[in-house]
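One-letter residues, chain by chain:
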Amino acid sequence: MKFQIGDKVTVLHSNEEAEVVELINDKMVLVDVRGVKFPAYIDQLDFPYFKRFSEKKTEAQTKPKTFIDQLPVDKSKKTNNSLDGCWIRILPVSDNDEFGDEVVESLKIYLVNHTSTGLHFKYKLSYSGKEEFSLDNELRATKDFYLHDIPFENLNDAPVLEFEFSLLHPDKSKAPHYESSIKLKAKQVFLRIEEIRKKGDASFAYKLFDRYPDKLLEEEKSEWVSADKRENKLYNASQGRQHLEPAKYEVDLHIEKLLPEWKHLNNFEMLTLQLNTFEKYLDLAIAHHQHNLIVIHGVGTGKLKDEIHEILKSRREVRSFINRYDPRYGYGATEIFL
């Protein structure tokens, strides 16, 4: 292999210097950039001295000296792009089969803390509702943590990744704990893998939260409801309902209704936005004790409708639902009874 563990390398697309910390396979390695680890393809890396010797003399080396009193004031805001939330990063590990085709064999699962807050976490992996693996550990600020591998064929067993977070250093203004989960669906994971292959990326990610949540005010405390402990939770106590966004009796999920500038989105991003919007208004309808909800999903290929129906089957608050002809929507809407 071109690189070995401990080699100093340059990430070509970002011009950052990194260190190789793990050899994943003959095409990928795990690199560390200032404490943040992520997978990268070997052809996206190079040794720093190759770059230095190949670079042309820069403008800074040839322009005349500038004295300190001639320098303009830098008014730009300094930002740290790495502090952007807590994520699950998934790295597909592939090999060639007997016919020479690239086949995904497993998924490496990493918990990535791109925040300035240290976290304690409890983690559980379940297949079809049965616990398979659990872990109780700590994750420092701006660090990541390798959890385990999931064999690719196990996606057919509906794996669910569940987390309970708390702060390493308690803060009275912050929530005592925070729960989040990701349900991996074979079709969606396959689409994500196809997308990163087209882009030349090594991994994809799901965000668990942007920042650790603040503590609820006393009058906001109530019973949280969620059939599968999803990230966006809503409460339904009568005292708390007044703080919720109003519910809707009809939700139109056509992408142009949700986002005027939608043409830059790919199919997966559009589907994700539509499903997130659907689940948001389903939860609001439940929280407001609404008796029914009409979701307009259109006809199209039927993928959005099928995904919605799969979610409805898993929600205990849903008494029934029906997709029948309606003069207003044709067969492009589903009515849900709660």
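*Asks:* Would you mind going over unusual backbone geometry with me for this structure?
*Replies:* Trans is the common state for peptide bonds, and a negative phi is the common state for residues other than glycine. Unlike most non-glycine residues, Ala158 shows phi in positive territory, near 50°. In this fold, Ala158 is placed in the loop between strand E10 (144-151) and strand E11 (159-167).

*Asks:* Even after reading the chapter, I still don't get the packing of helix H6 (residues 267-287) against helix H7 (residues 303-314), so can you show me in this structure?
*Replies:* The axes of two packed helices give the description: the angle between them and the distance between them. At a closest axis distance of 11 Å, the pairing of H6 and H7 adopts a crossing angle of 35°. For the crossing formed where H6 meets H7, the hand is right-handed. Every residue of H7 that contacts H6 at Leu271, Gln274, Leu275, Phe278, Glu279 and Leu282 is listed here: Lys303, Leu304, Glu307, Ile308, Ile311 and Leu312. Looking at the contact of H6 with H7 residue by residue, the class counts come to eight nonpolar, one polar and three charged.

*Asks:* Please explain the sheet that holds strand E18 (residues 320-322) as it appears in this structure.
*Replies:* The pairing of strands in a sheet comes from backbone hydrogen bonds and takes either a parallel or an antiparallel form. Sheet architecture is open: four strands sit in the order E16-E17-E19-E18, paired in mixed fashion. Sheet topology places strand E16 (250-252) and E18 at the edges, where each strand pairs with a single neighbour. Each strand axis lies, on average, 20° off the axis of its neighbour in the sheet, ignoring direction. Direction of pairing for E18 relative to strand E19 (residues 333-337): antiparallel, over a ladder of three bridges.

*Asks:* Is there a simple way to think about the environment of Ile322 in this case?
*Replies:* Tracing the backbone shows Ile322 in strand E18. In this structure Ile322 comes out as partly exposed when scored by relative accessible area, which is 31%. It is 8.7 Å that separates the C-alpha atoms of Ile322 and Phe337, two residues lying 15 residues apart in sequence. Each residue touching Ile322, except ones within four places of it in the same chain, is listed here: Ala333, Thr334, Glu335 and Phe337.

*Asks:* Looking at this model, I keep getting lost on the sheet that holds strand E8 (residues 119-127). Mind explaining?
*Replies:* Read from one edge of the open sheet, four strands run E9-E8-E11-E12, paired in antiparallel fashion. Two strands close off the open sheet at either side, each with one partner strand: strand E9 (130-139) and strand E12 (178-183). With direction set aside, neighbouring strand axes in the sheet form an average angle of 15°. Bridge analysis of E11 against E12 gives six bridges, and the strand direction is antiparallel. Along E12, the bridge assignment pairs Glu162 with Ser181.

*Asks:* Hey, could you run me through the packing of aromatic side chains in this one?
*Replies:* For any pair of aromatic rings, geometry is given as the distance between the ring centres together with the angle between the planes. Under the definition given, this model contains 10 aromatic pairs. Both rings, one in Phe121 and one in Phe145, keep their centres 5.4 Å apart while their planes meet at 75°; by these two values the pair is edge-to-face. Within this pair, whereas Phe121 is found in strand E8, its partner Phe145 is found in strand E10, the two being separated by 24 residues in sequence. In this pair, the class of Phe121 matches that of Phe145, namely buried.

Parameters and conventions
Residues numbered from 1 in each chain as written. Predicted model: local features only at pLDDT ≥ 70, side-chain atom pairs only at ≥ 80, totals over all residues. Heavy atoms only, no water. Helix = DSSP H or I, 4+ residues; strand = E, 2+ residues; numbered from the N terminus. Axes fitted to C-alpha atoms, helices over the stretch in contact; angles between N-to-C directions. Left-handed = near helix turned anticlockwise from the far one by under 90°. Contact = heavy atoms within 4.5 Å. Nonpolar A, V, L, I, M, F, W, Y, C, P; charged D, E, K, R; others polar. Pairing = 2+ DSSP bridges. Buried < 20%, exposed > 50% of the residue type's maximum accessible area, 1.4 Å probe, protein only. Phe/Tyr/Trp six-rings, centres within 6.5 Å; stacked < 30°, edge-to-face > 60°.

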